[in-house]
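# Report on the structure
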Protein chains: 2
Amino acid sequence: MVRMLTAEDLQCLKTIAVMGGCRGPVFASSQTLGTTIGSSPQTASRRLQALERTGLIDRSVNPDGQHITVTAQGEEVLRREYSEYCRIFGREETSVTLVGTLISGLGEGRYYMSLEPYKQQFLEHLGFEPFPGTLNIRLGQASIRQRKKLEQLEWIEIKGFTADDRTFGSARCLPCRIGKWPCGIVVPVRSHYPEDIIELVSPVALRDALGIKDMDTVTVEILQ
Amino acid sequence: MVRMLTAEDLQCLKTIAVMGGCRGPVFASSQTLGTTIGSSPQTASRRLQALERTGLIDRSVNPDGQHITVTAQGEEVLRREYSEYCRIFGREETSVTLVGTLISGLGEGRYYMSLEPYKQQFLEHLGFEPFPGTLNIRLGQASIRQRKKLEQLEWIEIKGFTADDRTFGSARCLPCRIGKWPCGIVVPVRSHYPEDIIELVSPVALRDALGIKDMDTVTVEILQ
DNA sequence: ATTACTAGTAGACGAGTAA
DNA sequence: TTTACTCGTCTACTAGTAA
């Protein structure tokens with residue numbers, strides 16, 4: 001009977017991998033390993049023998065310790081374990097917080113938000129009729145990096161339309177919050193926006209509702 | 001002696017979590033659980049008893065099986081494990097922003113930060129000598145959730161020591177920033193901290209440097 | 001079918017020791 | 001110091017049984 005891989009053996013294998021055993025040989029003794037896995041040196045030694053016998057580690061035993069490497073087979077075992085933990089925690093809700101300062105826009109937002117086709121779509125997808133006017137926020141350095149994560153989230157498509165011989169472009173919208181107010185980050189599909197500025201629609205005049213003015217710090221939460 | 005969490009118990013806890021035990025109660029019997037963890041129903045039953053006794057799971061035992069939920073404490077244990085696997089395989093850049101309000105601490109931070117052994121370790125690992133005094137922040141709801149991700153990051157170990165017949169405990173520290181100032185989130189290893197409060201060390205008196213007072217909003221950036 | 005006892009046993013543990 | 005053996009103990013397993 002070939003002995004099964006016990007949970008303790010796996011724990012020992014993981015410990016070696018954390019020490020860097022997947023990238024190259026790590027030096028350890030039964031004593032030090034026993035301390036980290038919470039056992040006697042004898043037991044640690046027996047674990048290493050078992051792991052070697054089952055082909056999960058390679059090692060060279062010296063009089064003063066041993067050099068241990070996790071084999072490809074051992075790495076595969078660990079990867080299976082890792083993937084199980086990813087199933088527990090991996091696809092949890094994404095939550096990104098952007099922090100920036102309030103700035104003045106060009107007043108274009110007010111115009112676009114007054115157009116019925118846009119208003120209708122925001123009402124349908126965000127659950128509120130947008131206040132005619134948008135909030136422009138200049139992001140801090142860390143938030144610019146954070147913003148890139150938003151690309152992976154599910155944006156709402158706001159369709160363009162034609163009216164009075166003019167074409168109004170499409171946009172993408174991401175639901176978010178400022179304080180208790182539901183908002184939406186709006187990004188035109190065609191024109192290129194600066195990466196440090198976001199534009200938001202909201203059901204109310206946020207400058208009044210939150211009592212904020214230019215250069216004030218604003219925190220935007222994206223929960224998905 | 002309270003029985004330690006064995007590798008087998010952890011394996012059982014993980015199995016429950018994979019079945020969805022972190023999100024809600026999962027229905028299982030000792031038989032089915034025993035099959036998946038490769039043991040007899042009796043052993044599976046004993047595992048569940050042990051996990052319940054140590055507060056890692058909640059359960060309601062019925063005549064036809066049991067409903068099992070992983071507790072917050074159990075989830076924390078799993079997250080630590082997950083973070084070790086992330087250290088082996090994952091290498092993605094994590095960036096977390098916590099937002100909360102400044103509150104007054106108990107003044108203990110000032111005392112601890114004045115102790116030379118702690119000062120030395122912070123200087124060595126964070127690159128600055130901590131200001132004698134800590135900043136306490138009460139996190140918002142979204143940030144409490146975000147905080148759990150921090151478990152996956154690499155914390156610095158601050159070793160405890162003994163002086164004047166008193167034992168000073170170990171702590172974990174995570175480098176972060178508030179504005180342009182480098183800081184560190186400090187969590188004692190032993191004593192249990194409220195999940196909505198974080199304590200930070202910094203090279204300067206942040207209340208003065210940032211001009212902030214109690215109840216002001218503070219944004220903490222963790223880049224790793 | 002379940003859970004969770006008790007009982008008997010197999011095997012894993014750490015101390016001691018040799019190389 | 002190391003590794004890895006032997007050996008005695010005691011833990012932890014499974015089978016059987018009751019509820």
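This structure is a prediction, so every number in the text was calculated from the model and none was measured.

Scoring rules and cut-offs
Residues numbered from 1 in each chain as written. Chains lettered and ligands numbered in written order. Predicted model: local features only at pLDDT ≥ 70, side-chain atom pairs only at ≥ 80, totals over all residues. Heavy atoms only, no water. Pairing = 2+ DSSP bridges. Helix = DSSP H or I, 4+ residues; strand = E, 2+ residues; numbered from the N terminus. Axes fitted to C-alpha atoms, helices over the stretch in contact; angles between N-to-C directions. Contact = heavy atoms within 4.5 Å. Near = heavy atom within 4 Å. Polar contact = N/O pair within 3.5 Å; in protein donor to acceptor, adjacent residues only side chain to side chain. Nonpolar A, V, L, I, M, F, W, Y, C, P; charged D, E, K, R; others polar. Phe/Tyr/Trp six-rings, centres within 6.5 Å; stacked < 30°, edge-to-face > 60°. Buried < 20%, exposed > 50% of the residue type's maximum accessible area, 1.4 Å probe, protein only. Lys NZ or Arg CZ within 6 Å of the ring centre and 35° of its normal. Core = buried A, V, L, I, M, F, W, Y, C linked by side-chain atoms within 4.5 Å. Buried area = accessible area lost by both parts, 1.4 Å probe. Salt bridge = Lys/Arg side-chain N within 4 Å of Asp/Glu carboxyl O.

## Remarks on the sheet that holds strand β1 (residues 26-28) of chain B
Residues and elements named next belong to chain B. Read across the open sheet, the three strands follow the order β1-β3-β2; overall the sheet is antiparallel. Only two strands of the sheet have a single partner each, and these edge strands are β1 and β2 (57-62). Neighbour to neighbour, the strand axes of the sheet diverge by 25 degrees on average, direction disregarded. Along the sheet face, helix α1 (residues 7-21) touches β1, β2 and β3 (65-70) and points at about 90 degrees away from the line of β3.

## Focus: the protein's contact with DNA strand D
P63 of chain A together with S40, T43, R46 and R47 of chain B are the nearest of the 18 residues found near DNA strand D. Taking S40 of chain B, its side chain carries an N or O atom lying 2.5 Å from a phosphate oxygen of DNA strand D. Going through the elements one at a time, α2 (30-37), α3 (41-53), β2 (57-62) and β3 (65-70) of chain A together with α3 (41-53) of chain B are the ones with two or more residues in the surface near DNA strand D. The element that contributes the greatest number of residues to the surface near DNA strand D is α3 of chain B, accounting for four residues. A class-by-class count of the residues in the surface near DNA strand D yields two nonpolar, twelve polar and four charged.

## Here's the deal with the packing of aromatic side chains
Two descriptors summarise a pair of aromatic rings, namely the distance from one centre to the other and the angle between the planes of the rings. Residues and elements named next belong to chain A. Applying the stated criterion across every chain yields a total of 16 aromatic pairs over all chains. A centroid spacing of 6.5 Å and a plane angle of 85 degrees characterise the contact between Y112 and F168, whose relative ring orientation is edge-to-face. With Y112 in helix α5 (residues 108-113) and F168 in strand β8 (residues 166-168), this residue pair connects regions lying 56 residues apart in the sequence. Overall, the relative accessible area of 5% leaves F168 in the buried class. Ring geometry for Y118 and F161: centres 5.0 Å apart, planes at 70 degrees, overall edge-to-face. Taken together, the residues Y118 in helix α6 (residues 116-126) and F161 in strand β7 (residues 161-163) connect sequence positions 43 residues apart. This pair shows no difference in class: Y118 is buried, exactly as F161 is. Among the aromatic residues, those joined into a cluster by ring pairs are Y111, Y112, Y118, F161 and F168. Lying over the aromatic face of W155, R172 brings its terminal NZ or CZ to 4.3 Å of the ring centre.

## Topic: the nonpolar core
Formed by 46 residues in total, the largest nonpolar core has its most connected members in I16 of chain A together with I16 of chain B. Broken down by element, the residue count for this core peaks at seven residues, all from helix α4 (residues 72-89) of chain B. Those residues in contact with I16 of chain A that sit more than four places away from it in its chain are G21, V26, L33, L48, L51, I57, I68 and V70 of chain A.

## Details of the interface of chain A and chain B
With 34 residues of chain A at the contact, the number on the chain B side is 33 residues. Carbon and sulfur atoms make up 59% of the surface buried where chain A meets chain B, a total of about 3,100 Å² over both sides. It is Y82, Y85 and F89 of chain A in chain A that bury the most area against chain B; as a group they hold 22% of the surface buried on that side. Where chain A meets chain B, there are four salt bridges.

## With respect to the side chain of R47 of chain A
Residues and elements named next belong to chain A. Here R47 lies in helix α3. Here R47 falls in the buried class, since its relative accessible area comes to 17%. Apart from residues no more than four positions distant in its own chain, R47 is found in contact with E8, D9, C12 and I37.

## Details of the pattern of salt bridges
Here the structure, examined in full by the defined rule, presents 23 salt bridges over all chains. One salt bridge in this structure joins R207 of chain A and D214 of chain A, with 2.9 Å as the shortest N-O distance. Between R80 of chain B and E76 of chain B there is a salt bridge; the shortest N-O distance is 3.4 Å. Taken together, the residues span about one helical turn, with R80 of chain B and E76 of chain B both in helix α4 at a distance of four residues. With relative accessibility at 38%, the residue R80 of chain B sits in the partly exposed group. Salt bridges sharing partners connect three or more residues here, namely K14 of chain A together with E81 and E84 of chain B.

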